[in-house]
Amino acid sequence: MRIGLGLAALGRPGYINLQRDADLSSRTVDGMQRQANVVMDELFRQCRVLNDGRDSDNRRGGGGGDGDDEKYIPWLDCARSYGLSEKFVGDYLRANDVRPDEVYVSSKWGYTYVADWNVELGEGEPHEIKDHSLKNFLKQVEETKANVGPYLNLYQVHSATFDSGILTNTEVHEAMHRCRVENGWNIGLSVSGPNQDELIREALKIHVSVAEDEGGGGKRRLFDSVQCTYNVLEQRPGPALLEATEAGMDVIVKEGLANGRALRHPALLEEASRAMIGNGGLCSTPDRLALGAVLAQPFRPRVLSGAVTAEQLRSNLGALYPVVAMEGGDESVALQGAEEMLTTTEEGKEMLWRLMEGCRMESEEYWTDRSELKWN
């Protein structure tokens with residue numbers, strides 16, 4: 001699927017997304033795992049509905065999944081630092097007898113969760129600690145294998161920065177490449193901060209040696225994918241992401257709703273209200289419009305939903321998919337997904353332009369505001 005479920009807000013009791021108290025009734029380990037299971041259930045259910053629709057379309061001579069002949073595969077994204085997210089995902093997949101070829105799982109290494117299942121910590125105490133050393137990579141890759149190893153498709157450096165040394169540490173580069181060869185995983189990196197574009201361009205330059213028994217020798221690019229913060233507020237990385245796409249990298253967007261901040265922007269709310277009048281409201285809620293604007297970008301990203309309820313996930317999926325199954329088996333049928341609405345008509349293209357121009361922030365301001373969000 002081009003829209004996956006990120007577990008940053010489901011794998012631990014605290015996160016910086018807005019209004020978590022309204023969505024989460026229990027913050028215990030069992031309570032958070034139950035809620036994660038509910039949302040994962042919904043993702044798999046939506047994929048079944050979409051695949052049933054694909055099969056019907058194919059019988060009528062129509063298209064397929066995300067590619068014409070592809071099935072919709074549920075995608076789950078976790079990290080070592082997202083509390084117990086890897087454990088929740090692994091437990092869920094094993095309990096439901098999901099085969100590795102029936103799911104796409106990505107995870108990240110490089111941060112360690114240290115909040116001990118607390119939402120609020122003392123002044124200055126971190127919820128997670130960064131360590132991009134070789135020692136930590138070797139430790140965390142084994143932890144990831146224990147939780148989701150048979151299911152994993154993509155293993156990413158978590159929030160690569162210039163000062164962590166990860167972009168120049170050839171020992172770690174070689175270890176990540178060996179991990180790719182030995183496990184069959186793709187290798188990626190995620191980036192954060194106002195210089196995401198610089199980090200992406202630097203990552204594109206990193207190559208590793210390939211042994212003859214791995215494909216004929218020579219060099220290959222280390223990173224297969226990049227995961228980047230991009231949304232209607234933070235647009236600076238766009239040109240670098242297009243360069244990554246053109247170089248053959250898989251582009252993944254995180255924080256497509258800016259931790260909920262985008263949903264409060266007057267320009268987005270105005271466009272959503274305008275679109276609702278002409279589209280019955282089915283693909284024009286603020287979250288669908290904001291994610292649709294991201295999906296409509298020329299670098300053709302995959303996008304992570306940060307949903308913590310089944311209802312939020314269903315709504316987010318409407319950014320791309322025109323048929324969204326409702327609870328109880330009924331279907332909400334929109335004429336178009338939000339991305340299609342924004343890219344296939346002159347009215348939609350004008351709306352996309354107004355959205356991107358009306359919501360854009362300076363990167364430094366965006367990241368300063370993000371740093372002030374409270375864990376809740």
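For the structure given in this document, a descriptive report is provided here.

Cut-offs used in this document
- Residues numbered from 1 in each chain as written.
- Predicted model: local features only at pLDDT ≥ 70, side-chain atom pairs only at ≥ 80, totals over all residues.
- Heavy atoms only, no water.
- Pairing = 2+ DSSP bridges.
- Helix = DSSP H or I, 4+ residues; strand = E, 2+ residues; numbered from the N terminus.
- Axes fitted to C-alpha atoms, helices over the stretch in contact; angles between N-to-C directions.
- Parallel < 35°, antiparallel > 145°, perpendicular 65-115°, else oblique.
- Left-handed = near helix turned anticlockwise from the far one by under 90°.
- Contact = heavy atoms within 4.5 Å.
- Nonpolar A, V, L, I, M, F, W, Y, C, P; charged D, E, K, R; others polar.
- Core = buried A, V, L, I, M, F, W, Y, C linked by side-chain atoms within 4.5 Å.
- Buried < 20%, exposed > 50% of the residue type's maximum accessible area, 1.4 Å probe, protein only.
- Expected span 1.5 Å × (residues − 1).
- Arc of directions from axis to C-beta.

Some remarks on the sheet that holds strand 11 (residues 250–254)
As summarised here, the arrangement of the eight strands in space is 1-2-3-6-7-10-11-12, forming a closed barrel in which the pairing is parallel. Averaged over all adjacent pairs, the angle separating strand axes in this sheet is 25 degrees, with direction ignored.

A closer look at the packing of helix 3 (residues 134–148) against helix 4 (residues 170–183)
Viewed as axis vectors pointing N to C, helix 3 and helix 4 meet at an angle of 20 degrees, and their least axial separation amounts to 9 Å. Put simply, helix 3 runs roughly parallel to helix 4. Handedness of the crossing formed by helix 3 with helix 4: right-handed. Contact residues: helix 3 offers Leu134, Phe137, Val141 and Lys145, while helix 4 offers Glu171, Val172, Ala175, Met176, Cys179 and Asn183. Partitioned by chemical class, the residues of the contact of helix 3 with helix 4 number seven nonpolar, one polar and two charged.

Considerations on the nonpolar core
Membership of the largest hydrophobic core comes to 105 residues, with the highest contact counts inside it found for Leu76, Leu93, Met176, Leu189 and Phe223. Tallying contributions element by element places helix 1 (residues 29–59) first for this core, with eight residues. Of all hydrophobic cores here, the second largest spans five residues; its members include Trp75, Tyr104, Leu154 and Ile252.

A short note on the environment of Asn51
Inspection of the secondary structure puts Asn51 in helix 1. Residue Asn51 is classed as buried on the basis of its relative accessible area, which comes to 10%. C-alpha separation for the pair Asn51 and Tyr72, spaced 21 residues apart in sequence, amounts to 6.1 Å. In contact with Asn51, other than residues within four places in its own chain, are Lys71 and Tyr72.

What to know about helix 11 (residues 346–359)
The first and last C-alpha atoms of helix 11 sit 20 Å apart over 14 residues, in line with the 20 Å expected at 1.5 Å per residue. Residues of helix 11 that are buried: Gly348, Met351, Leu352, Leu355, Met356 and Cys359. Each buried residue of helix 11 sits inside an arc of 130 degrees when the element is viewed along its axis, so together they form one side. For helix 11, the exposed residues set more than 90 degrees away from the buried face come down to Glu346, Glu347 and Trp353.

Purely geometric stuff here, so don't read any function into it on its own.
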